[in-house]
Every structure is written in C-alpha cells, then in structure tokens.
Amino acid sequence: MKNLSFNNDPAPRLSRNDIARKAAQFLPNSSIVNLGIGIPSLCANYLPSNIEVLYHAETGLLGYKDLYEGEKGNPNIMDAGGNFPIEVPGMVFFDSIESFNMIRGGHINITVLGAFQVSGTGDLSNWMIPSRGIGSIGGAMDLAENTPTVIVAMEHTTSTNIPKIVEQCTYPLTSKNCVNLIVTDVAVIEVKYYEKQKSKLILKEKASGWNISEVQKITNVELFEE
Amino acid sequence: MKNLSFNNDPAPRLSRNDIARKAAQFLPNSSIVNLGIGIPSLCANYLPSNIEVLYHAETGLLGYKDLYEGEKGNPNIMDAGGNFPIEVPGMVFFDSIESFNMIRGGHINITVLGAFQVSGTGDLSNWMIPSRGIGSIGGAMDLAENTPTVIVAMEHTTSTNIPKIVEQCTYPLTSKNCVNLIVTDVAVIEVKYYEKQKSKLILKEKASGWNISEVQKITNVELFEE
Amino acid sequence: MKNKKIYKSFSDSVKDIKNGSSIMIGGFGGSGGQPTRLMLALRDLGLKNLIIISNVAGISVTTGYGWPKNITPVDQGIFFETKQVKKIICSFPVTGSIKPISEIEKSWQNGDCEVEIIPQGTLIERIRAAGAGIPAFYTPTGVGTIVAQNKEQRKFNNRTFLLEKALSADFALIRANRSDTFGNLEYIGTSRAFNPAMATASKITIAEVNEIVKPGEIDPEKIGTPGVYVNRIVKRKLKDPYP
Amino acid sequence: MKNKKIYKSFSDSVKDIKNGSSIMIGGFGGSGGQPTRLMLALRDLGLKNLIIISNVAGISVTTGYGWPKNITPVDQGIFFETKQVKKIICSFPVTGSIKPISEIEKSWQNGDCEVEIIPQGTLIERIRAAGAGIPAFYTPTGVGTIVAQNKEQRKFNNRTFLLEKALSADFALIRANRSDTFGNLEYIGTSRAFNPAMATASKITIAEVNEIVKPGEIDPEKIGTPGVYVNRIVKRKLKDPYP
C-alpha cells in the first residue's frame, strides 16, 4: 500500500508502517497492550528494543509477541485478527468472559485502535461506514470505552483528503471522550481533557517538512501547541 | 446424640441418622445434589445403592462421594462443612464465582438443608437465632432461593417440643416459598404449591406408631392427606 | 449415569432442534473452538426461522479468518446460503472492508434476515448472566452510541452505564478438545472463547469433541466446563480434515 | 519487567497497608487457600480501623474448621483479638451453635466492630463485578429476607430481584500454589475459592505462594489468575508448618 499523497502536501506523508512505528514509541514499558486490526496491529513489529510489553487478544490470550507467517500456526491459538501467535513461555489462555473482564475492568493499560473519525472531544468512530448500513463492533467499544489510555493510529485524511479529525463525528460512534493520543501520517496530537467532555488538541509532533498551519489545513479542529 | 422423646409421643421418634436415611431416599438418580451441614450432610452415608448422584460443595467441588476420617485428607480439597473429601475420578474444581453461578443459575438439581423453622407456605428460616442477634448466612440463601428442589431435613420440634413447622416464621428468613419437602423424625410432608405463594402441607408418611392427629399435635399448620 | 450423554452421530444429537429454535454457536470465529460438524448437521436438518447467537460470524469463508490456509473454511454463512435464519445476534458479522461481502451481509441486504450487532464484551456477559442466574447488569460499554438506544441508563459514582439483560437459548452447540463420560470438558488455548459461557446458558448443550475419555483422565485442574452444563457429547471421527 | 513483582518478605509486601485500609482476604475459610503468612504479617503491623472482606471468617480457631487436626489454626480472629478491625464484610462469621464463641462474635458483642453478613453467592459476585467493570447487577438471592432491606427491588419476567453493587478494596491478600515471575498463578483444588475474584477487585493484589517458577513452567491451561491481576508475589519458606 502506497503512502497517501496530495498536491498541496508540503512533504511526504508517513507510510502505514511508519505510523505504526511512531505509535509503538508511546507504549510504556511493562504495560498490557491490546492492538486493534489494521495499522495498530503493525505496532508489534516496531516495538523499541528496550521496551517489553504483554499483548492481550480478545480471543483469550495474554503474553504473545510474534505471529506465525505462511502456512504455520495452531488454529487453537488465535489472536483477534484471526492470526496464529507463536507460543511463548508465560502465555496465558482464558475464555471470553475473563477476556472482557480484563478489558471492561480497566486491566488492559493501553490500546491502539484504528479510526474512521476522531472528534475534538476525543470521540471515536471506527466500526461502521454509514452508507453501508451494517458494521462489526467486535471488541472495539469495550476497548475504547474502558481502556485507561487509547491511542488512535490512522491516516490523517481519507483517500480523497477529507479530514478524519472533525468537530463532531458523522460516523456512528464507538465511544465518547475516549481518545488520548492521535498518531497519523503527518502528526502526533494529544487530546488534552481539561474538563469533563471538554478538551483541546495539542500538536505534539509534525512529520518532517510539515508545520502547524499545513497540518491544520487538513484538520477540522483547532490545533494548539504547548 | 439421643432421639428427641416426650411424654405424649405415641412411639419413638427417628434418630438424626434415620432422618438422613429417609431424606436420602428422595434424591433422584443422576441428580446434582448439595447437602447442607448437620443432618443433611449425613444423607451421603445412606444413599440407596441403586442411586448415583454427584455432590456439589460451595467450596468449588463437584463429584465427590465420601469424606476422609480422622487425621487424613488434603486441606486443598475441602467441602463447605470444612471436611476433606476423598478424591475420585471425574471430580471437578472451580472457584467461588463458578460455584455460585451453578447454584444461582439453577444448575444444582436438589439441596437438602437444615431448618430452625419452616412455614406452611414453604418459607425457610435456618441461619439465625433471633436472641443471638448475629448469624452466618454462608451459601444457604443462594441454595434455598435458587435450587429447583429444596428438601428440609430436621427434627419435627425443638428440644423443648415446640413445633418448628409454623404458620409464619418468627426467625429471620432464609428464603420464601422455597421448601418442597420436609423430612422429620416423625413425618414426611410435602409442601404442595397450588398458586403463587400459596400451598398446602400434605402428610406423605408417618413414623412407625404415629398417626396424622399425633403428628398434627406438634405441627402448627394444618396437615392434609391425599 | 455415565453414558447417557454420549450420542453416536452428529445428526442424532441435533435432531430435536426445530424451526424457530434459538441456537448458540460457540468458539470465537475462526476454526479453533468452532463446532463445525454440529453446524453442518444442523444445516442438513433444513430448518427455517432459526435464531443464531455467535461472536464473529461468517467472516472465515469470505477472508479465510482464523483457518489454516490449506483448508476451505466453513462458518455461520452455511445457514444463510440456505435461508434458514430469521435473526443473528453477534458482534462481528461483516468484514472490515466493503468487499468481499459475506453470506450474512448478502442475506441482510436482501431482507432475508435480521442482524443484531452487540459489543463483544456485552454479548459474552449477557450469555454468562443467563447461565449464572443474573437477570440483568449494568455496563459502561456502548454509552453514547447507537448501542444505547432504547436502553435504560443509570449513573453509579458519576459514570453512566447501560442496563443489559441476560441472553439464553434453546440449544448451545459447543466445541472442546476432550470430554469425559460425565461431560467434563477440556479446552485447548484460545478455543475456549464463547464455549464455556454458552454451555451454561442454554436448555440443551451439545458438545463436539475430539475424544471421549474415562472420568479422571482429564486433569481436574484443567476442566474448563464442568459436566453439569453438558447434556450431549458427540465424538468426531479420527483425522477429521477440519481443525 | 520480570522480577519487580517479587518481594523478599511478607512484612515488606504489606508495609504500605494503612490504618483504615480495606483488605480482601482470599480462600474460603479453612487452611486451604488462606494467605496465612500475609495475614500474620498484616496483624504484626498493629493497624487500626481496618475493613476486612472475607468469606467464612474466624471459624477455624473456634471449631478447627478446615484445618488438619494436628495443627493449631490461624484465622481472621487474629485481627479482632488485637482490636484492629472497624468492620468485617463476610458470609459466615459465627459458628452454627452458640458455643464456642469466635473472636469476631466477641468483638461484635463488645461493640468493638461492625459485622456485615452477606449471602456467599452475592458476596463473590459483588467482588467479581468490581474486577469486571460491572458497577451493579440484579440477583434473586435474599429477596424477602433482611438482606433485601434498603435495597432496590425489581421484577424481570415476573420474578423479583435485588440490586447489588460492586465491592472493591485497597488490597487483596491471596494464596496460590505456584506463581511464575509474571505473577501468573496456579491453584490446587478448592483452594481457588475467593482468591481469583479478589485478585481482580483490589488496587494492590499480594499473592502468597509455595513456589516461584520461570514463565512457562506452569501449564498455561492451568493458570487460574493471569499475572495482569497480581502486583506482588511472596514465597513461603520451605516446609512452612502451616498448610
């Protein structure tokens, strides 16, 4: 998959792999992490070498690191993306009741999720395209609503350069006021909550060659710098 | 412990062991059974030889049969009475969440419980003596309220010949309208529910030498014969 | 007592399922933990108006999700190809991208069936509640979304929660590795998933297993579903090509 | 990451427990599954106004309940002898007969502590709810009894239920057989009891274990508490006389 690119862009946007690499830098050492499908799942490939985390999968799995490739793998050890993780010592299995107790109870420290839209107040839409009329929720609502730290890893705009960071989500919501950090192909933006359901978007990092006004052009919510 | 006995009794009352032997006759083949402490726990010694049941203990144990005696036994395999069951093939262990899911969900078929009082509408009081002001509920309320069939196994009167089958329980309740069968040292009485919260007591069996009027004398609720 | 639960064939074990029955199908989605042979036996009954309760459903055939690459997947789509389903209650019935389209999405587009989509944690907790004698509980998941529509909301400690109700079924088709003759089940890895909860939440639970052994052969510390929850056990053929 | 959870001594592992802390104590009652060494270490801190949450409590010393006959029992009574408890929340704090009287009953009679008695199934479900992010649930147990006093009642399908709320604590003292260095715990037999639920429902969970092993040494199918719920691990001395 090629990087998104548009005529007015001041510089190249990051690839999906580079978005994942950037997002992976925000995973704290020793944390319990759940990676969503798509770009988030790629984070596992770019974990900084001095960081050790335990991955949780909704399927009932804690403590995996890498996935089998090709024809290999055991269908009885599956992650939520339908991939087969490699067995490692200390891995734990449990049923779906326990798996979602961990999520709902806030025991997963951090999740990285994809998004169709994120609002200026940290609302997330990531499960249904309105024109389709049907979608799949899976574990996304439980993760977004209940995980203490939610990172969104996504491209900054749609493939037709329409901003995905918006005043109000027009896609069906996954969870309100849940997003803490947005990592895109042009920026890293913190959703800073200063009051219940109120927040500011703080531009923390820009891709090489991008300045705040260029990022702002493709962002529908006002950005601040600290 | 001697049998209860009073001057006006027409014939001897059954011993505690014989109450248990009688109650054990009402355990259906292949049923899942929870036995309360006291007389109910003795039922295990008198199960008819053609009947096989699986015992459940609140401690997280299903499928035990006999208990160790004397110094033997493993503290890590305990029943709710604090005794140590003998390991048998097919025995299952689980935690207290699962143990009470089984009870609350109605998956235990039948329970035998002791009682301070049973009312004519099948209310059970078995956890606190009012004058004491403090008592222990343990699993009794869960078992009484949620088990499809509740057998009470008790002496028919107190040690001063005061009836324990009463119009209204004066002891704190364990559960309302829960008792199906009362097995005592002088009679077997069915609590027949003919409408919600209404019932008749049907005298099914009398101890040798006892007739209905003699049982009635020490029972505060009218008894019927079918 | 010991052998009444064992059925000789998959078709025998499902033959009292009727038009309009509600049926839980275990596993997570994917091949591990899926009662594939029971599903095929049910499909072959040719029933109508079934209510199916599953987690991820119909994705394996369209994308290969959770199946070894060398085996053609089977999934809940088999009941939709043959228009046997009135309604499916699940968490993940369509693929993330618009194409390829699943049998469930096709049926839904054609108006042949209703699809109710529930957050996965709420779905499993509702099933668990039914088995555990809990009629309803409050959960934070779905607050402020369309999942909250027509649901009672309530605050505890200043956070808003939804009231969700127990979800039971007439039958549960589940999958385990081994069973003993009491119906005590042993699972492997992530193939537990929805199986243990579903076993507790249906009137009749039917377990598809790789092997049936004597009581005591399964380590009692590894029994994932106590036999009290299992009504029927059916053993697969040796070397069944499906995982 | 691996060894931060391991504490060298029981006293070290409990030393941040404070006057007024709420503390869950695992097991069922009896010696199996009881964190006896952690309890003794806590007692030795000499704190006041503790809130203790337990199941069967204080019965072992008075009746020998659940202890081998050749060992003098230790139970929750140790906190009452020394007047450290403001309140105990439990299901079974006094013996069935009026004598012998337990330390808890004595303290209650003297007005030294409050005793809240909860049906066992409700107690464990309230603890489970706290760990599972469920703020409240409905249960049939206790309807029509003094347990229902001051509780919201509600009908579902024409049966009445009580609203019960999640119960959490500052600390959980639990007991397991073995732990790996991640804190994954293995239990034996009925010594699970309240331990797994309590591990999920407290801010800090401290596990007393017989042995600490490397990750992978415990069969992953036999792990009863995933390490995510365990903050501190303390190993007993070899041949501790207590079970």
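Residues numbered from 1 in each chain as written. Chains lettered and ligands numbered in written order. Predicted model: local features only at pLDDT ≥ 70, side-chain atom pairs only at ≥ 80, totals over all residues. Heavy atoms only, no water.

Colleague: Honestly, the overall build of chain A in this entry has me stumped. Any pointers?
Modeller: Across its full length, chain A holds 5 helices and 13 strands. Relative to the compact-globule value of 17 Å for 226 residues, chain A shows a C-alpha radius of gyration of 17 Å, a close match. Overall, chain A is about 50 × 35 × 35 Å in size when its C-alpha atoms are taken along their principal axes. When the 226 residues of chain A are sorted by exposure, 58% land in the buried category. If you take every contact in chain A between residues at least 6 apart in sequence, the share linking residues at least 24 apart comes to 59%. Taken as a whole, chain A presents about 9,000 Å² of accessible surface, with 47% of it coming from carbon and sulfur. (Helix = DSSP H or I, 4+ residues; strand = E, 2+ residues; numbered from the N terminus. Rg over C-alpha atoms; globule rule 2.2 N^0.38 Å. Buried < 20%, exposed > 50% of the residue type's maximum accessible area, 1.4 Å probe, protein only. Contact = heavy atoms within 4.5 Å. Areas by Shrake-Rupley, 256 points an atom, 1.4 Å probe, with all protein chains shown as cover.)

Colleague: So what exactly am I meant to see when it comes to the overall build of chain C here?
Modeller: In terms of helices and strands, chain C carries 7 helices and 13 strands. The C-alpha atoms of chain C give a radius of gyration of 18 Å, which matches the 18 Å a tight globule of 243 residues would have. Dimensions of chain C, computed from the C-alpha atoms along their principal axes, are close to 50 × 40 × 35 Å. Classification of the 243 residues of chain C by burial places 64% in the buried group. Intrachain contacts of chain C at a sequence separation of at least 6 include 78% that bridge at least 24 residues.

Colleague: Mind showing me how you'd approach the interface of chain A and chain D here?
Modeller: When the parts of a complex come together, some accessible area is lost, and that lost area is often taken as the interface size. Listed by partner, the interface residues are 18 residues for chain A and 20 residues for chain D. Counting the contacts that link chain A with chain D gives 0 salt bridges. For the interface between chain A and chain D, the tally reads 5 residue pairs in polar contact (both at pLDDT 80 or more). Of all the secondary-structure elements, those providing two or more residues to the side of chain A that touches chain D are strand 4 (92-93) and helix 3 (96-104) of chain A. The biggest single contributor to the side of chain A that touches chain D is helix 3 of chain A, with 5 residues. When grouped by side-chain class, the residues that make up the side of chain A that touches chain D number 10 nonpolar, 5 polar and 3 charged. (Salt bridge = Lys/Arg side-chain N within 4 Å of Asp/Glu carboxyl O. Polar contact = N/O pair within 3.5 Å; in protein donor to acceptor, adjacent residues only side chain to side chain. Nonpolar A, V, L, I, M, F, W, Y, C, P; charged D, E, K, R; others polar.)

Colleague: Sorry if this is basic, but what is going on with the sheet that holds strand 9 (residues 165-166) of chain A here?
Modeller: Each strand in a sheet pairs with another by means of backbone hydrogen bonds, the pair being arranged parallel or else antiparallel. Residues and elements named next belong to chain A. Here we have 3 strands laid out as an open sheet, ordered 7-6-9, and mixed in their pairing. Of all the strands in the sheet, the pair left with one neighbour each is strand 7 (124-125) and strand 9. Across 2 bridges, strand 6 (residues 117-119) lies against strand 9 in parallel orientation. Across the sheet, residue Ser119 finds its bridge partner in strand 9, namely Val166. (Pairing = 2+ DSSP bridges.)

Colleague: In this structure, what is going on with the sheet that holds strand 3 (residues 61-64) of chain A? I would like to understand it.
Modeller: All names here are of chain A. The mixed open sheet is built from 10 strands, whose spatial order is 4-3-2-1-5-8-10-11-12-13. Because the sheet does not close on itself, it has two edges, and the strands there are strand 4 and strand 13 (223-224). As defined by bridge partners, strand 1 (residues 32-35) adjoins strand 2 (residues 54-57) across 2 bridges and the pair is classed as parallel. In the strand pairing of strand 2, Ile32 is matched with Leu54.

Colleague: I would appreciate a short explanation of empty space enclosed by the protein in the present structure.
Modeller: Rolled over the atoms, a probe as big as a water molecule pinpoints where empty space is left. Scanning the entire structure with this criterion turns up 6 cavities of 30 Å³ or more. Quantified by volume, the largest cavity comes out at close to 960 Å³. For the lining of the largest cavity, the per-class residue count stands at 22 nonpolar, 10 polar and 12 charged. Roughly 50 Å³ of volume is contained in the second largest cavity. Around the second largest cavity sit C:Glu125, C:Arg128, C:Ala129, C:Ile134, C:Phe137, D:Glu125, D:Arg128, D:Ala129, D:Ile134 and D:Phe137, which together line it. For the lining of the second largest cavity, the secondary-structure elements that each account for two or more residues are helix 6 (120-132) of chain C together with helix 6 (120-132) of chain D. Residue composition of the lining of the second largest cavity, grouped by class: 6 nonpolar, no polar and 4 charged. (1 Å grid on protein atoms, 1.4 Å probe; cavity = no way out; pocket = protein on both sides within 12 Å on 5 of 7 lines; lining within 4 Å. Points joined across faces, edges and corners; volume = space filled by probe spheres on them.)

Colleague: Sorry, what's going on with the interface of chain A and chain C here?
Modeller: In this complex, chain A contributes 43 residues to the contact, which on the side of chain C involves 53 residues. Carbon and sulfur atoms supply 62% of the area that chain A and chain C bury against each other, a total of about 3,700 Å² over both sides. It is A:Asn76, A:Arg132 and A:Ile134 in chain A that bury the most area against chain C; as a group they hold 18% of the surface buried on that side. There are 3 salt bridges connecting chain A and chain C. The salt bridge partner of C:Glu105 is A:Arg132, with a shortest N-O separation of 2.8 Å. Linking chain A with chain C are 18 residue pairs in polar contact (both at pLDDT 80 or more). Top contributing element to the side of chain A that touches chain C by residue count: helix 3 of chain A, with 5 residues. (Buried area = accessible area lost by both parts, 1.4 Å probe.)

Colleague: Sorry, what's going on with the packing of helix 3 (residues 96-104) of chain B against helix 6 of chain D here?
Modeller: For any two helices packed against each other, one specifies the crossing angle of their axes together with the interaxial distance. Following both chains from N to C, one finds helix 3 of chain B and helix 6 of chain D inclined at 125°, their axes separated by 9 Å at the closest point. It follows from the interaxial angle that helix 3 of chain B and helix 6 of chain D lie oblique. Taken as a pair, helix 3 of chain B and helix 6 of chain D cross one another with a handedness that is left-handed. For the pair helix 3 of chain B and helix 6 of chain D, the contacting residues are B:Ser96, B:Ile97, B:Phe100, B:Asn101 and B:Arg104 in the first and D:Gln120, D:Gly121, D:Ile124, D:Glu125 and D:Arg128 in the second. Classifying every residue of the contact of helix 3 of chain B with helix 6 of chain D by side-chain character gives 3 nonpolar, 4 polar and 3 charged. (Axes fitted to C-alpha atoms, helices over the stretch in contact; angles between N-to-C directions. Parallel < 35°, antiparallel > 145°, perpendicular 65-115°, else oblique. Left-handed = near helix turned anticlockwise from the far one by under 90°.)

Colleague: Honestly, the side chain of A:Asp9 in this entry has me stumped. Any pointers?
Modeller: One can find A:Asp9 in the segment before helix 1 (16-24). Within the structure, the side chain of A:Asp9 is placed 2.9 Å from the side chain of A:Arg13, a separation counted as a polar contact.

Colleague: Quick question: what am I supposed to make of the packing of aromatic side chains here?
Modeller: Geometry of an aromatic ring pair is reported as the spacing of the ring centres plus the angle between the planes. Applying the stated criterion across every chain yields a total of 11 aromatic pairs over all chains. Ring centres of D:Phe156 and D:Phe161 lie 5.9 Å apart, and the angle between their planes is 65°; this geometry places the pair in the edge-to-face category. In terms of burial, D:Phe156 and D:Phe161 fall into one category: buried. The aromatic ring of A:Tyr194 is capped on one face by A:Lys200, whose charged end is 6.0 Å from the ring centroid. (Phe/Tyr/Trp six-rings, centres within 6.5 Å; stacked < 30°, edge-to-face > 60°. Lys NZ or Arg CZ within 6 Å of the ring centre and 35° of its normal.)

Colleague: Could you clarify how one ought to interpret the pattern of salt bridges in this entry?
Modeller: Where side chains of opposite charge bring their charged atoms close, a pairing between them can arise. Residue and element names in this part refer to chain A. Applying the stated rule across the entire model yields 60 salt bridges over all chains. Among the salt bridges present, the one from Lys204 reaches Glu190, with a minimum N-O distance of 3.3 Å. Of the two residues, Lys204 sits in strand 12 (residues 198-206) while Glu190 sits in strand 11 (residues 187-195), which places them 14 residues apart along the sequence. Residue classification places Lys204 among the partly exposed positions, given a relative accessible area of 40%.

Colleague: Would you mind going over the pairing of strand 12 of chain A with me for this structure?
Modeller: Successive side chains on a regular strand alternate, one facing one side of the sheet and the next facing the other. All names here are of chain A. Two strands pair when backbone bridges link them, and strand 11 and strand 12 are joined in this way by 8 bridges, in the antiparallel orientation. Bridge pairing in strand 12 places Tyr193 opposite Ser199. The turn linking strand 11 back onto strand 12 is made up of 2 residues, and Gln197 within it adopts a positive phi angle of 65°. Where strand 12 and strand 13 come together, 2 bridges link them in parallel fashion. Along strand 13, the bridge assignment pairs Ile202 with Phe224.

Colleague: I'm lost on helix 3 of chain A in this one. Help?
Modeller: Residue and element names in this part refer to chain A. Burial within helix 3 is extensive, with 9 of its 9 residues counted as buried. Those residues of helix 3 that sit buried are Ser96, Ile97, Glu98, Ser99, Phe100, Asn101, Met102, Ile103 and Arg104. Where helix 3 begins, the capping side chain belongs to Asp95, and its oxygen is found 3.2 Å from the backbone nitrogen of Ile97. Directly beyond the C-terminal end of helix 3, a positive phi value near 80° is found at Gly106.

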